[in-house]
Amino acid sequence: MRTTIGYTVESIGYVVGAQGLVSVASQTLFGTEWGWMHKVVDLPSTAYLGIVVVGLALVVCGVKTRKAPQRQEVA
């Protein structure tokens, strides 16, 4: 179960981080809106950097959850 949760959190982190990165790049470099995040919320570029950090944190949390040692149940 722990492995499944780790992969799920990690996958969500990749999607959130990528969307934040795409939003930052599109606003900063091209002055347009790319991705789907701007359809949900309208944020400045610095806030999208925060979303990238949240995505990275989810990836790290998922990897740590996946690699955590399994507890042995004593019967």
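Criteria and cut-off values
- Residues numbered from 1 in each chain as written.
- Predicted model: local features only at pLDDT ≥ 70, side-chain atom pairs only at ≥ 80, totals over all residues.
- Heavy atoms only, no water.
- pLDDT = per-residue confidence, 0-100.
- Helix = DSSP H or I, 4+ residues; strand = E, 2+ residues; numbered from the N terminus.
- Contact = heavy atoms within 4.5 Å.
- Salt bridge = Lys/Arg side-chain N within 4 Å of Asp/Glu carboxyl O.
- Buried < 20%, exposed > 50% of the residue type's maximum accessible area, 1.4 Å probe, protein only.
- Expected span 1.5 Å × (residues − 1).

Engineer: Quick rundown of the confidence of the model for the protein? Include the residues and the values.
Structural biologist: With 89% of its residues at a pLDDT of at least 70, the protein reaches an overall mean of 86. Looking across the protein, the model is least confident in helix H2 (residues 37–40), with a mean pLDDT of 82, and most confident in helix H3 (residues 45–67), with 91.

Engineer: So what's going on with the side chain of Gln19? Which residues, and what values?
Structural biologist: Here Gln19 shows up in helix H1 (residues 2–30). If sequence neighbours within four positions are ignored, Gln19 has contacts with Gly35, Trp36 and Met37.

Engineer: Residues and numbers for the pattern of salt bridges, please.
Structural biologist: For the structure shown, the criterion picks out 1 salt bridge. Taking the shortest distance from any N to any O, the salt bridge between Glu10 and Arg66 comes out at 2.8 Å. Placement of Glu10 in helix H1 and of Arg66 in helix H3 is noted, with a sequence separation of 56 residues between them. The class of Glu10 is buried, set by a relative accessible area of 9%.

Engineer: So what about H1? Which residues, and what values?
Structural biologist: End to end, H1 covers 41 Å across 29 residues, agreeing with the expected 42 Å (1.5 Å per residue, within 8%). Contacts from the buried residues of H1 go to H2 and H3. Phi for Gly31, located one or two positions after H1, is positive at around 70 degrees.

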